[in-house]
Amino acid sequence: MIESITFGRMHLFWPIIVVSILLWILFVWKEWAGNMGPRFLIKIVAGLIAVGALSMIALQPKMEIDEENTFSAILSPGYKIVQRDSLAKVHKGIQMIDYMPGKDLSGILKKGQEVFVLGQGLQPYDLWQLEDMKVHMLSYQIPEGITKIKYQQHDIVGNNFEVQGEFQYMEGKQQLFLMGPGGTPLDSIEQNSTERQRFTLKGKHLVEGKYVYALVTKDSAGHQLSSASLSLDIRAKRKLQILIVNQFPSFETKYLKNFLSASGHEVLVRSQVSEDRFKYEYFNVKDNGKITLDSKTLNGVDLLIIDQASLQKASKSLLQRVQEAIVKEGLGLFIQADADMYQSPISKFRFDFSKQEAKSVEFDKYPEIELSKHPFVFIRDPLLEVIHESSQGIITAYQRSGRGRFGSTVLDRTYELILNGKTNVYQELWSKLVTDMSKRAVLETIWKQNEFLIYQNAPFDFTIESKEENPIVIHDDGYRVPLMRDMDISQRWSGTVFPSEIGWNKLMLKQDSTEIFNFYVIDTSQWTSIGVKERIHENRKVANQNAYGISTAKSLNPIRPWWFFLLFLVSMTYLWIEPKL
Amino acid sequence: MKSGKDILIAIHKKWLLMFLLEILLFGLGPAVLAYALTKSLLITAITFAVIVLLLSLFLKPWNYSLRHVSDYLDSKLPHLEYSTFLLIQENEELSQLAKLQRVRVRKELEKALRHLKPERNMRFAIILAFVLVLGAWVIHHFDLVDHTKISDHFDAGQEVIFSPVDTTVSQKAQPSLKNQSIKIQYPSYTNQAVKTTADMNIKELQGAIITWSLEFDQIISKVILQSMGEDHDMRYENGAYSFTLKLTEAGFYNFNIIDSQGRNYFSELYSLEVVKDQNPTLEVSGLPQFTSFEVNENKELSFEVLVTDDYGIQTAVIIATVSKGSGESVKFREEKLGFDNAIPQRSRKLVLKKKIDLDKMEMTPGDELYFYVEVADVKRPDPNVTRGETYFAQIRDTVSDVFEVEGSMGVDQMPDYFRSQRQLIIDTEKLIKEKPTLSKKEFNSKSNELAFDQKALRIKYGEFMGDESTLDTEVSQEAHEEGEENVLDGYEHAHDSENESNLVEDDHEDDHDEDHGEEHEEGEDEDPLHDYAHNHDDPEEATLYTKSLKAQLRMALNEMWDAELHLRLYHPEQSLPIQYRILERLQEIKNSARIYVHRIGFDPPPIKEDKRLTGDLEEVYSFKKTADVENKEVYPNIRKSAERLEVLIQNPVLISERDKSLFEAAGNEMAGLAVEQPGKFLDVLQGLKNLGQGYELSLEEMLEIQHGLLLALPTISPTPDQKSSRLGELNELFINELKTND
């Protein structure tokens, strides 16, 4: 009980107590008449009460008391009047609050109170205001239209891309179109479910640049009902430098180097033709004389393709150099396997294989295309990262080693694909392999957007990871964005902007103007169904968290000084009357 | 003596004729001129007819009567004393005096006749006609008239409209065309007249010379014809801007004019389409693809060829090849044959006939004739040539299976016989193997059969050596013998003594000589020099084989005798080694022939024996190859334009100079596509041109252009890319941690 009492003038507590005690001692000394009779004792007590009451009046004590429950209802957009009226009927005197995004509710709502949220709910950025309250989210029908969307916003030219999503049943037979730039229809689906329907729309990026695709809904007559933007930032492919080392010229290498060089990558080929005699080939790169496998060369290339025979013959120091380049520089090492690889692998770069009868493999992705392979497959290992896999097992895989990686494939004579006219399959297989195996381009800065859809005038949170000691982020309007450093990772910062312009916006790092992050801002009329669904979801989350466990509200009520005064008056009356009796 | 009336009638006739001639002359001159100006026969004919008709109506030649002539004479010749009419009248109607007067008048008329001038003077008509025809010739010869001037009106739809880049230019101030024309001169070989049109979309024959001519209603400082990324200044001449271009490839063009105030105007895009001179087509009828004749048949092929071409056929020939012989000794002879009917100049459709007599082609049985028809059109300088299908004709060979020794390749058909020696060995081995399972009779019979085969083989080889072929008779005899119970007797007996001696492997030559000595006795008797002289008459002796080959084959033949003998004696085991030897010898002969064939085709470089297999790499060098194989991005400007347009669509701003040149470059890339698929890309090209010239376009138009640009881009095949990652503190820590635990 005592714990729940505090004082309004806490800062005067001790002076008042001291003064009161002194006052009381003075009173005791004045009353002291040599004996401790009952009258004396009663007087002292009365004095104590009087002084105590006085000091209490000065200290203004407060007492915590269980408060009576109060109710509020937040009427967010789309609320149903029936719900509001029923609430009003059940909870007499319920407080009705009209919600607008960004509204400050702190003055209106009280901690621990019970809040009913009607309609679509609060904007996620306003939800903090409902902390420590018991929140009830009243049911709200998920709106029709597209309620979920997912796609790669930052992509690469030539990539196939997919837009996945979900839509809630829409009235009438509707079609969904994915429109590329210039209103080029890329893909479409038709609504065939009366409830939720998932969809996947596909396309291919043909040109680099910042584009706005659109997801358009049309009715069965072909009239456009709605259109929503999909922003895409498409970059060109990066060029790799690839070194191929062979003990002897082979068809596999011949076709591979043709493919790689035709794709625009820099390809260096060193194939031995006789003892100490080599054939050096330079594709898309300046002829720099002999290709030696020194550290400089190895550190400079992104991928080293070497046949097992060369690896077997390699000196210890060369193997050491290769390993160092892998570990320290992130070099990718791809070993062209032969029978030796399975029987007597190099210990530094070894994989475990299991023997398998089949000498050909068929991938699910390319049905009816048989690829030759060695009669082995990789044994699954937690350290192994898979590039190609079929029902027969792991076909191509690599293992990380430091910054780099080394890997191999059990595929054999893949050039047969080209000879059989399946050039596209060949290209896809090797593109994936080379992309996955090659040295990674090191980014100085990584930008991350925390929300998928960025609305005009709404907060947009982003994270940046940078090597800079104190990164300064500038919005293209010219103002600087305040950043907050992550508690645990010192290179990670986060910030929030309120973009005012619809369309492409960008954030730049002041220290390095090449570090630009493009993001697309849409107006609030777009993707409403997604926004609403997300909002409902967020609100429900808060409601679920805050539904139980919050104790009933208590408030500190000052004890009315009237009572102390009465006490003082009584004890004073006694002290006044007592000598007269 | 002519009567007075006759004289008068003669004069009337003559004058009437001249009158009509005059009218025609009046019509002729203008008609010729009209033709020179318009090159239109219709207009010429109409001009002629109208003038003649009008003049006729006006002058009324049908009213030109005898009476009129007499009146005229009266008025002109006072000597006639106004009495000419008396000549016309009938004798009976006249009074005595009148008759006298008539005689007088007749005399006077006869006198005056010499000096009489016709009533109508043709000189004017002749001069006019001459002048006009001369004028027409001058116009035609010097090509003075631009034919558009006659067809001055061009359709409103064809009119070239210029729109200003600067939209503030008032409608009135804009220059417009007074006249536009395109003159098309076809290549001379087409023999087509010069054509003039006002339609700016050109679709003409390749090689045609196009001349544009534009006349403006105001002073223009410059007119540029822009075509496929090139600017051509148009020449100003006689009030019009003109430019001449030879049509070689398809494309697009537009005009850009700069008026006197330096303002820029652009026209729409017009197409330049090239029509290629088509190859001639030909159709052969009345001939199966393959014809074959018996020797005694009438070996004649007759067929018709229908040849068509768009501008005329120049030549049509039959290319015939006769092949003689077969295999390696085949010989070809090529001949060019004409058609039976002549080819008229520049005819566009022709039916040509041809009869080929194989006998006249000097073809013998077994020969084959291949022929096809080749037609060339009149195109210059490189005529279009069409080749027809190839047809075959063959004279059946009645004796094609006889072995022939042709030319130097005596070994041509040898593989068959080698095989049979090998087969014999295989069969012999089989027989030896099966010996235990076979009854004696069977075994003997089989051995004998093999011996027969060996004999047949020997006789065939004997043919190579010039031995007389006794195969047929011997075979039949043999067959007969085989049918008998005792197969051995006859044969054993014949060769008994030889067999004895040949058990030892020497002296085959002697035996054989002995054997053949008998056969050739007669011949040798006649020519005792045979052994000493070099006899060229004997083909075997002369050229067939070199000495060593011959000797080898002779030895093989001798051994065949032995092999046969042992088989006849039912000792296949003893025969086998000999057969092997035979095979070896034959193999050698075959190989020597092979080397000979080799020498014709390939002369291997000499091998330095001292260098061989020494592993010396001194002169072997490492080598380098550098190549830039990066496939150049297709349509780089179209890509960039698509990207730039996206920016302009998102955020409309003014088009900068850089954008303009970018769009222009993209337009040039697009033009090629637009030529192929104008329906799909022509509008896009027009849009790009407009952008390139700085027009402000609406959002929809820009979207459309961008859409078109993206349609033009080919799909991208998958290529590798470099992934990216950031080595943050955390990653570094993780990697280091991994390393320590490695």
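Residues numbered from 1 in each chain as written. Chains lettered and ligands numbered in written order. Predicted model: local features only at pLDDT ≥ 70, side-chain atom pairs only at ≥ 80, totals over all residues. Heavy atoms only, no water.

What is the right way to look at the overall build of chain B in this model?
A count of helices and strands for chain B gives 19 helices and 23 strands. Burial analysis of chain B (742 residues in total) assigns 40% to the buried set. In chain B, once contacts between residues fewer than 6 apart in sequence are set aside, the share between residues at least 24 apart is 68%. Carbon and sulfur atoms provide 54% of the accessible area of chain B, an area that totals close to 43,500 Å². (Helix = DSSP H or I, 4+ residues; strand = E, 2+ residues; numbered from the N terminus. Buried < 20%, exposed > 50% of the residue type's maximum accessible area, 1.4 Å probe, protein only. Contact = heavy atoms within 4.5 Å. Areas by Shrake-Rupley, 256 points an atom, 1.4 Å probe, with all protein chains shown as cover.)

Please clarify how the overall build of chain A should be interpreted in this entry.
Tallying secondary structure elements over chain A gives 12 helices and 37 strands in all. Within the span of chain A, comprising 581 residues, buried residues form 49% of the whole. Taking as baseline every contact in chain A between residues at least 6 positions apart, the subset at least 24 positions apart corresponds to 63%. Approximately 30,000 Å² of chain A is accessible, and the part contributed by carbon and sulfur atoms is 54%.

What should I look at first to understand the sheet that holds strand β29 (residues 454-455) of chain A in this one?
Strands belonging to one sheet form pairs held by backbone hydrogen bonds; the direction of such a pair is parallel or antiparallel. All names here are of chain A. Strand order in this open sheet of five strands is β29-β36-β35-β31-β32, and the pairing throughout is mixed. Strand pairing shows two members of the sheet lacking a second neighbour, β29 and β32 (480-481), which therefore form its edges. Summarising the sheet, β29 and strand β36 (residues 516-522) pair through two bridges and their orientation is parallel. By the bridge assignment for β36, Y455 is matched with I522. (Pairing = 2+ DSSP bridges.)

It is not clear to me how helix α17 (residues 678-692) of chain B should be interpreted in this structure. Could you clarify?
Side chains three or four residues apart in an α-helix point the same way, a direct result of the helix having 3.6 residues per turn. Within the span of α17(B), buried status applies to F681(B), V684(B), L685(B), Q686(B), G687(B), L688(B), K689(B), N690(B), L691(B) and G692(B). Where α17(B) is buried, its residues meet β10 (251-259), α15 (636-650), α16 (657-676) and α18 (699-712) of chain B.

I tried to follow the packing of helix α4 (residues 251-262) of chain A against helix α10 (residues 423-437) of chain A on my own but got confused; where do I start?
Helix-helix packing is described using two parameters, namely the angle between the two axes and the distance between the axes. All names here are of chain A. Interhelical geometry of α4 versus α10 gives an angle of 80 degrees and a closest axis separation of 11 Å. In terms of their interaxial angle, α4 and α10 are classed as roughly perpendicular. Within the contact between the two elements, α4 uses E252, Y255, L256, F259 and L260 and α10 uses Y426, Q427, W430, S431 and V434. Split into classes, the residues belonging to the contact of α4 with α10 amount to seven nonpolar, two polar and one charged. (Axes fitted to C-alpha atoms, helices over the stretch in contact; angles between N-to-C directions. Parallel < 35°, antiparallel > 145°, perpendicular 65-115°, else oblique. Nonpolar A, V, L, I, M, F, W, Y, C, P; charged D, E, K, R; others polar.)

Any chance you could explain unusual backbone geometry here in plain terms?
Backbone phi values are negative for most residues with the exception of glycine, while trans is the configuration of most peptide bonds. A positive phi angle is found at E368(A), which is not glycine, with a value near 65 degrees. For E368(A), the position within the fold is in the loop between β21 (360-362) and β22 (370-372).

Hey, could you run me through the sheet that holds strand β14 (residues 224-235) of chain A in this one?
All names here are of chain A. Taken together, five strands build an open sheet; the order of strands is β8-β14-β13-β10-β11 and the sheet is mixed. Both outer strands of the open sheet, β8 (154-156) and β11 (185-190), are each paired with one neighbouring strand and no more. Along the sheet, successive strands turn relative to each other by an average axial angle of 30 degrees, direction set aside. Direction of pairing for strand β10 (residues 175-179) relative to strand β13 (residues 209-218): antiparallel, over a ladder of five bridges. Within β13, the residue paired with L176 across the bridge is T217.

How should I be thinking about the side chain of Q552(B) in this particular structure?
Within the secondary structure, Q552(B) sits in helix α13 (residues 547-568). Leaving out residues up to four positions away in the same chain, Q552(B) has contacts with R585(B), E588(B) and I589(B).

Honestly, a nonpolar patch on the surface in this entry has me stumped. Any pointers?
Residue and element names in this part refer to chain B. On the surface, a cluster of nonpolar side chains totalling about 760 Å² of accessible area is made up of L42, I46, V50, L53, L54, L57 and W62. By secondary structure assignment, the location of L42 is in helix α2 (residues 41-59). Using a relative accessible area of 61% as the deciding quantity, one classes L42 as exposed. (Patch = residues over 30% accessible without salt bridge, like charges linked within 9 Å, V, L, I, M, F, W, Y side chains within 5 Å. Salt bridge = Lys/Arg side-chain N within 4 Å of Asp/Glu carboxyl O.)

Mind showing me how you'd approach the interface of chain A and chain B here?
Note: interface size is frequently given as the accessible area lost on complex formation between the parts. Taken residue by residue, the interface counts 70 residues in chain A and 44 residues in chain B. Carbon and sulfur atoms make up 55% of the surface buried where chain A meets chain B, a total of about 5,100 Å² over both sides. At the junction of chain A with chain B, the criterion picks out four salt bridges. Between K625(B) and E281(A) there is a salt bridge whose closest N-O contact spans 3.7 Å. For the side of chain A that touches chain B, the secondary structure elements donating two or more residues are β13, α4, β17 (277-283), α10, β27 (441-442), β28 (445-449) and β30 (460-466) of chain A. Residue composition of the side of chain A that touches chain B, grouped by class: 26 nonpolar, 22 polar and 22 charged. (Buried area = accessible area lost by both parts, 1.4 Å probe.)

I keep staring at the pattern of salt bridges and nothing clicks. Help me out?
Think of it this way: side chains of opposite charge can pair up when their charged atoms draw near. Under the counting rule described, the total for this entry stands at 41 salt bridges over all chains. A salt bridge links K195(B) to E204(B); the nearest nitrogen and oxygen atoms lie 2.9 Å apart. The network of salt bridges with shared partners includes K30(A), E31(A), R39(A), K43(A) and E578(A).

Before we go on, may I ask you to explain the nonpolar core in this structure?
Across soluble globular proteins, nonpolar side chains have a tendency to be buried as a group. Core analysis: the biggest nonpolar cluster contains 69 residues, and L304(A), L333(A) and F349(A) have the highest contact counts within it. For this core, the element with the most residues is α10(A), which contributes seven residues. Counting 59 residues, the second-largest nonpolar core is a separate cluster that includes I146(A), Y211(A), A671(B) and L710(B). (Core = buried A, V, L, I, M, F, W, Y, C linked by side-chain atoms within 4.5 Å.)

Teacher, can you tell me more about helix α5 (residues 96-112) of chain B here?
The first and last C-alpha atoms of α5(B) sit 24 Å apart over 17 residues, in line with the 24 Å expected at 1.5 Å per residue. Along α5(B), the residues classified as buried are A98(B), Q101(B), R102(B), V105(B), R106(B), E108(B), L109(B) and A112(B). (Expected span 1.5 Å × (residues − 1).)

I would appreciate a short explanation of the packing of aromatic side chains in the present structure.
Two numbers describe a pair of aromatic rings. These are the distance of the centres and the angle of the planes. Per the counting criterion, the structure on display carries 43 aromatic pairs over all chains. Seen from their ring centres, F216(B) and Y241(B) are 6.0 Å apart, and the 70 degrees between their planes marks the pair as edge-to-face. One end of the pair, F216(B), is in strand β5 (residues 209-216); the other, Y241(B), is in strand β9 (residues 240-246), with 25 residues separating them in the sequence. An aromatic cluster is built from Y342(A), F349(A), F351(A), F353(A), F376(A), F378(A) and F406(A), whose rings are joined through pairwise contacts. Between K218(A) and the ring centre of F177(A), over which it is positioned, the NZ or CZ distance is 4.5 Å. Directly above the aromatic system of F278(A) lies the positively charged group of R270(A), at a separation of 4.2 Å from the ring centroid. (Phe/Tyr/Trp six-rings, centres within 6.5 Å; stacked < 30°, edge-to-face > 60°. Lys NZ or Arg CZ within 6 Å of the ring centre and 35° of its normal.)

Where do I start with the environment of L28(B) in this structure?
Locating L28(B) in the fold gives a position in helix α1 (residues 4-38). The exposure class assigned to L28(B) is partly exposed, which follows from its relative accessible area of 40%.

Help me understand the pairing of strand β25 (residues 393-401) of chain A, please; the structure alone is not making it clear to me.
Each regular strand shows side chains that alternate between the opposite faces of the sheet. Residues and elements named next belong to chain A. Of all nine residues in β25, eight are buried, a share of seventy percent or more. As paired elements, strand β24 (residues 384-390) and β25 share six bridges and run antiparallel to each other. From the neighbouring strand, S390 faces β25, where its bridge partner is G393. From the end of β24 to the start of β25, which pair antiparallel, there are two residues. As paired strands, β25 and strand β26 (residues 404-409) are joined by six bridges and run antiparallel to one another. Bridge pairing in β26 links S401 to G404.

Explain the environment of L654(B) here, please?
Residues and elements named next belong to chain B. Note that L654 resides in the loop between α15 and α16. Take L654: its relative accessible area is 65%, and that puts it in the exposed class. Sequence spacing of L654 and G694 is 40 residues, and the spatial spacing of their C-alpha atoms is 8.6 Å. For L654, the residues in contact, after removing those within four places along its chain, are D659 and E696.

Help me out: how do you make sense of the confidence of the model for chain B in this one?
Predicted coordinates in regions of low pLDDT should not be interpreted in detail. Residues and elements named next belong to chain B. Taken residue by residue, chain B gives an average pLDDT of 76. The fraction at 70 or more is 79%. Low pLDDT, under 50, characterises residues 400-419; the stretch is placed with 31 contacts to residues that sit more than four places away or in other chains. Low pLDDT, under 50, characterises residues 595-601; the stretch is placed with three contacts to residues that sit more than four places away or in other chains. (pLDDT = per-residue confidence, 0-100.)

Hey, could you run me through the environment of E166(A) in this one?
Residues and elements named next belong to chain A. Within the fold, E166 resides in strand β9 (residues 160-168). On the accessibility criterion, E166 (2% relative accessible area) is buried. Sequence separation of E166 and K148 is 18 residues, and the distance between their C-alpha atoms is 5.0 Å. Among residues more than four places away in sequence, those in contact with E166 are G145, I146, T147, K148, R196, Q197, R198, F199 and K533.

Could you clarify how one ought to interpret the packing of α1(B) against helix α3 (residues 66-76) of chain B in this entry?
Residues and elements named next belong to chain B. Where α1 meets α3, the axes come as close as 9 Å, and the angle between the chain directions of the two elements is 100 degrees. By the angle class used here, α1 and α3 are roughly perpendicular. Together, L8, I9, I11, H12 and W15 of α1 and L66, V69, S70, Y72 and L73 of α3 make up the contact between the two elements. When the residues that make up the contact of α1 with α3 are grouped by side-chain class, the tally is eight nonpolar, two polar and no charged.

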